[in-house]
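As a plain string of letters, each chain reads:
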Amino acid sequence: MTRVDRQRAESEAGSSDALASPKMRVEDLRAWFGRSEVLRGITMPVAERRSTAIIGPSGCGKSTFIRCLNRMHEVVRGARTSGRVLLDGEDIYEDGVNPVRLRQLVGMVFQKPNPFPMMSIRENVLAGLRLQGIRPKNRDDLVERALRQAALWDEVKDVLDRSGSSLSGGQQQRLCIARALALEPEVLLMDEPCSALDPIATAKIEDLIHELRKQYTVVIVTHNMQQASRVADYTAFLYLGELVEFGRTDRIFTSPSDPRTEAYITGRFG
Amino acid sequence: MNRASPRRDVPPPTRLLKTPEGGARAPERVFEVICLLALMLPLLLLVVLIAQAFTDGRERLTWEFLTSYPSRFASQAGILPALVGSACLMMLTAVIAIPIGVGAALYLEEYARESRWTSFIEVNISNLAGVPSIIYGLLGLELFVRAMRMGRSLLAGAATLSLLLLPMVIMASREALRTVPQSTREACYALGADRWQTIRRVVLPMSLPGILTGIILSLARAIGETAPLITIGALTYVAFLPDSVYSPFTALPIQIFNWISRPQTDFHVNAAAGIVVLLAIMLVFNGAAIWLRSRFQRRFS
Ligand SMILES: Nc1ncnc2c1ncn2[C@@H]1O[C@H](COP(=O)(O)OP(=O)(O)O)[C@@H](O)[C@H]1O
Ligand SMILES: [Mg+2]
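Residues numbered from 1 in each chain as written. Chains lettered and ligands numbered in written order. Predicted model: local features only at pLDDT ≥ 70, side-chain atom pairs only at ≥ 80, totals over all residues. Heavy atoms only, no water.

A.B. asks: Where do I start with the overall build of chain A in this structure?
C.D. replies: Secondary structure assignment for chain A yields 12 helices and 10 strands. Taking 2.2 N^0.38 as the reference for a compact globule, 270 residues should give roughly 18 Å; the C-alpha atoms of chain A span a radius of gyration of 18 Å, in line with that estimate. For chain A, the spread of C-alpha atoms along the principal axes amounts to about 55 × 45 × 35 Å. A burial count over chain A gives 56% of its 270 residues as buried. For chain A, long-range pairs separated by at least 24 residues make up 67% of all intrachain contacts whose partners lie at least 6 apart in sequence. Each charge class in chain A was averaged separately, 38 positive and 36 negative side chains, and the resulting centres sit 4 Å apart. (Helix = DSSP H or I, 4+ residues; strand = E, 2+ residues; numbered from the N terminus. Rg over C-alpha atoms; globule rule 2.2 N^0.38 Å. Buried < 20%, exposed > 50% of the residue type's maximum accessible area, 1.4 Å probe, protein only. Contact = heavy atoms within 4.5 Å. Lys, Arg positive; Asp, Glu negative; His and termini not counted. Charge placed at Lys NZ, Arg CZ, Asp CG, Glu CD.)

The following block contains the structure:
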């Protein structure tokens, strides 16, 4: 990001309430796989109860970036990070922070739907709690609420005991969203949640994101620019591990300040 | 020039899809038959072997044979102590080998970081699986019977067989653990589960059928092992049932070996009957493994 861009981003921040006190702040975040540095110092805010899209050509580090926000990056062998990621002002990379606790606050939905195959739909929704050995009392309410939030309730309410993998791809992805929501996270990370889905399922998930951003802080990775413009309040453009541009989605798409952003959104590369 | 010239070096291109051989070409047919023979030959030998043992031992395949102690008289001798000894041996072996084997596999697959040390261990585990079983017998004799003063007991036998099985159990368990996709583990972590919760509630349940299949198959192999048990000094003539893990014992293959090495042909009949019983047990074990595997495939694919 150039100095001009940064000033521009700061001024946007000043003019917008949502960025004045962001839910998360990423400061000079760097990430490595072994010796190769795939994130090269990223600084940006994540607005509370808004959706932020991460766009960029494939391989630019979108997945790596989003996985740094709930410390899933370090699950990979040989992967490490530097820099700070603040959640409500607290650095999640500080010594003593329990990544397990963090991931309960910052939920994640993956690119490929991955419901647990040996669990029923109901058990999948409760999986986050069950994994931690918690047996909630109002289990049925919890399941219904999460499935309603994920806009899946009407389709599965009569087959809650069927296997999670018996659902269609789009339903499986919404089941994974319900599974994440059942833990009542504050932030929801989604890594290309629609890339394995057909257009109708994609539209359903996009509608869902519209609803979710009223209540949750959503970060969504997408390589689909229409999708970013449809669902995101803010957009960050990553290129070769660097944050090229960050700002309000409408501004990024109508008057990008960096020629690389313009080239990307007009489809000249990527 | 006439297009359909009668003299050509290359046969004329034909539009006919049907050939005299039908769908497959001749060399393919030949190869198919060879492969079929390769399959039928061992199968045939196996059938002959079982049929031979069955006809030889048929007159002794009675309830008494299963419930009698050995005797000087071939017609009164039975395999009760051997059967009970084998069963106890299998149970003890399972109790020792399963937790250690699955634990080692869990460590290597889920916890160990890749290093020279772990790859050294990995290579050696596969090598150990190929070590002749009598070597394990010698190790068991020195280590368990003598150094650890277990004597020629069931416990020493089971410990020795466990050594023999561990490489197989570890490799089969690792194979099963590897079938659980990384994405499933990541789903668990992303839900705020730690490593142990992930293993206990998701990875192990998903790989359990595969692990069990491996364990059963290796137990089926262990039940036929003779050399290591003879090496550590299992008895060949036992007229009592084991009453503790420190009892002396005998096992089915040892009883068979004993009978077969006697000069009197009457005892050879007993040996044949014993072989049929042993084969039947192995068949049950393998059947259980196949059943488990098919269930496993139906549930997860
Ligand atoms: N597990 C991994 N080990 C090594 N390199 C990786 C791994 N995953 C991704 N990378 C590399 O990191 C870079 C960023 O990858 P990623 O974050 O997945 O990009 P994106 O999601 O934008 O397509 C790529 O160059 C990719 O090759
Ligand atoms: Mg990606």
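Let's pick the thread back up.
A.B. asks: Help me understand the sheet that holds strand S8 (residues 217–221) of chain A in this model?
C.D. replies: The strands making up a sheet associate through backbone hydrogen bonding, with each pair oriented either parallel or antiparallel. All names here are of chain A. Taking strand neighbours across the sheet as the criterion, the six strands line up as S6-S7-S8-S3-S9-S10 in an open arrangement whose pairing is mixed. This sheet does not close on itself; its edge strands, each paired only once, are strand S6 (106–109) and strand S10 (242–248). Between one strand axis and the next, the sheet turns through 15 degrees on average, direction left out of account. Pairing of strand S9 (residues 234–239) with S10 involves six bridges; the strand directions are antiparallel. (Pairing = 2+ DSSP bridges. Axes fitted to C-alpha atoms, helices over the stretch in contact; angles between N-to-C directions.)

A.B. asks: Looking at this model, I keep getting lost on the site of ligand 1. Mind explaining?
C.D. replies: All names here are of chain A. All residues in the neighbourhood of ligand 1 are listed as Phe 33, Val 38, Ser 58, Gly 59, Cys 60, Gly 61, Lys 62, Ser 63, Thr 64 and Val 76. With respect to ligand 1, the side chain of Ser 63 contributes an N or O atom lying 2.6 Å from an oxygen atom. In this structure, an oxygen atom belonging to ligand 1 sits 2.5 Å away from a side-chain N or O atom of Thr 64. Relative to its unbound accessible area of 560 Å², ligand 1 is 57% covered by the protein chains. Among the elements that make up the shell around ligand 1, the one with the highest residue count is helix H3 (residues 62–68) (three residues). Partitioning the shell around ligand 1 into residue classes produces four nonpolar, five polar and one charged. (Near = heavy atom within 4 Å. Polar contact = N/O pair within 3.5 Å; in protein donor to acceptor, adjacent residues only side chain to side chain. Areas by Shrake-Rupley, 256 points an atom, 1.4 Å probe, with all protein chains shown as cover. Nonpolar A, V, L, I, M, F, W, Y, C, P; charged D, E, K, R; others polar.)

A.B. asks: I'm lost on the sheet that holds strand S2 (residues 36–46) of chain A in this one. Help?
C.D. replies: All names here are of chain A. With antiparallel pairing, four strands are arranged side by side in an open sheet as S2-S1-S4-S5. A single partner strand is all that each edge strand has here, and the edge strands are S2 and strand S5 (90–91). When strand S4 (residues 79–87) meets S5, the two strands line up antiparallel, connected through two bridges. Looking at S5, one finds that Leu 87 is bridged to Glu 90.

A.B. asks: Help me understand the pattern of salt bridges in this model?
C.D. replies: A pair can form between side chains of opposite charge whenever their charged atoms are brought close. Residue and element names in this part refer to chain A. Going through the model one piece at a time under the given rule, you end up with 29 salt bridges over all chains. The residue Lys 23 makes a salt bridge to Glu 48 at a minimum N-O spacing of 3.9 Å. With Lys 23 in the loop between helix H2 (17–20) and strand S1 (24–33) and Glu 48 in the loop between S2 and strand S3 (51–55), this residue pair connects regions lying 25 residues apart in the sequence. It is possible to trace a salt-bridge network through shared partners that takes in Lys 23, Glu 48, Asp 88 and Glu 186. (Salt bridge = Lys/Arg side-chain N within 4 Å of Asp/Glu carboxyl O.)

A.B. asks: What should I look at first to understand the nonpolar core in this one?
C.D. replies: In summary, soluble globular proteins display a tendency toward joint burial of nonpolar side chains. If you look at the biggest cluster of nonpolar residues, it comprises 109 residues, and the most contacted ones within it are A:Phe116, A:Leu147, A:Ile177, B:Leu89 and B:Leu229. Take this core: its biggest share by element is 13 residues, from helix H6 (residues 154–178) of chain B. Setting aside residues no more than four positions away along its own chain, A:Leu147 makes contact with A:Val125, A:Leu152, A:Trp153, A:Val156, A:Leu160, A:Leu175 and A:Ala178. If you look at the next biggest cluster of nonpolar residues, it comprises 37 residues, including A:Met24, A:Val46, A:Val85 and A:Leu243. (Core = buried A, V, L, I, M, F, W, Y, C linked by side-chain atoms within 4.5 Å.)

A.B. asks: Would you take a moment to explain the interface of chain A and chain B for this structure?
C.D. replies: Often, the extent of an interface is quoted as the loss of accessible area on bringing the components together. Across the boundary between the two partners, chain A contributes 24 residues, which contact 22 residues of chain B. Among the residues of chain A in contact with chain B, A:Arg77, A:Met118 and A:Leu131 are the three that bury the most area, contributing 34% of the side total. Our enumeration of links across chain A and chain B arrives at two salt bridges. A salt bridge links B:Glu114 to A:Arg77; its shortest N-O distance comes to 3.1 Å. Of all the secondary-structure elements, those providing two or more residues to the side of chain A that touches chain B are helix H4 (99–105), helix H5 (121–131) and helix H8 (169–181) of chain A. Here the residues of the side of chain A that touches chain B sort into 14 nonpolar, five polar and five charged. (Buried area = accessible area lost by both parts, 1.4 Å probe.)

A.B. asks: Is there a simple way to explain the packing of helix H3 (residues 80–111) of chain B against H6(B) in this structure?
C.D. replies: Each packed pair of helices is defined by two parameters, the angle between the axes and the distance between the axes. Residue and element names in this part refer to chain B. Between H3 and H6, the shortest axis-to-axis distance is 6 Å and the interhelical angle comes to 40 degrees. The orientation of H3 relative to H6 falls into the category oblique. Pair H3 / H6 crosses with right-handed handedness. Grouping the amino acids of the contact of H3 with H6 by side-chain chemistry returns 22 nonpolar, six polar and four charged. (Parallel < 35°, antiparallel > 145°, perpendicular 65-115°, else oblique. Left-handed = near helix turned anticlockwise from the far one by under 90°.)

A.B. asks: I tried to follow the side chain of B:Glu109 on my own but got confused; where do I start?
C.D. replies: All names here are of chain B. Considering the arrangement of structural elements, one finds Glu 109 in helix H3. For Glu 109, a relative accessible area of 18% gives the class buried. For Glu 109, the side chain forms a polar contact with the side chain of Arg 174, separated by 2.9 Å.

A.B. asks: Please clarify how the pairing of S8(A) should be interpreted in this entry.
C.D. replies: Regular strands show a simple pattern: their side chains alternate between the two faces of the sheet. Residues and elements named next belong to chain A. The buried fraction of S8 is high, at five of five residues. Alternating residues of S8 divide into Thr 217, Val 219 and Val 221 and Val 218 and Ile 220, and every residue in both groups is buried. Summarising the sheet, S3 and S8 pair through four bridges and their orientation is parallel. Across the sheet, residue Ile 54 finds its bridge partner in S8, namely Val 221. Note that strand S7 (residues 187–191) and S8 share five bridges and pair parallel. Bridging across to S8, Leu 189 finds its partner in Val 219. For the segment spanning S7, helix H9 (residues 199–212) and S8, crossover handedness is right-handed. (Right-handed = clockwise from strand over helix to strand, strands pointing away.)

A.B. asks: What should I look at first to understand the environment of B:Val169 in this one?
C.D. replies: All names here are of chain B. Mapped onto the elements of the fold, Val 169 is located in helix H6. Between the alpha carbons of Val 169 and Thr 213 there is a distance of 9.6 Å; along the sequence they are 44 residues apart. Excluding residues within four positions of it along the chain, Val 169 makes contact with Ala 97, Gly 101, Val 102, Ile 215 and Ser 218.

A.B. asks: Looking at this model, I keep getting lost on the environment of B:Leu37. Mind explaining?
C.D. replies: Structurally, B:Leu37 can be placed in helix H1 (residues 26–57). For the pair B:Leu37 and B:Leu165, spaced 128 residues apart in the sequence, the C-alpha separation amounts to 33 Å.

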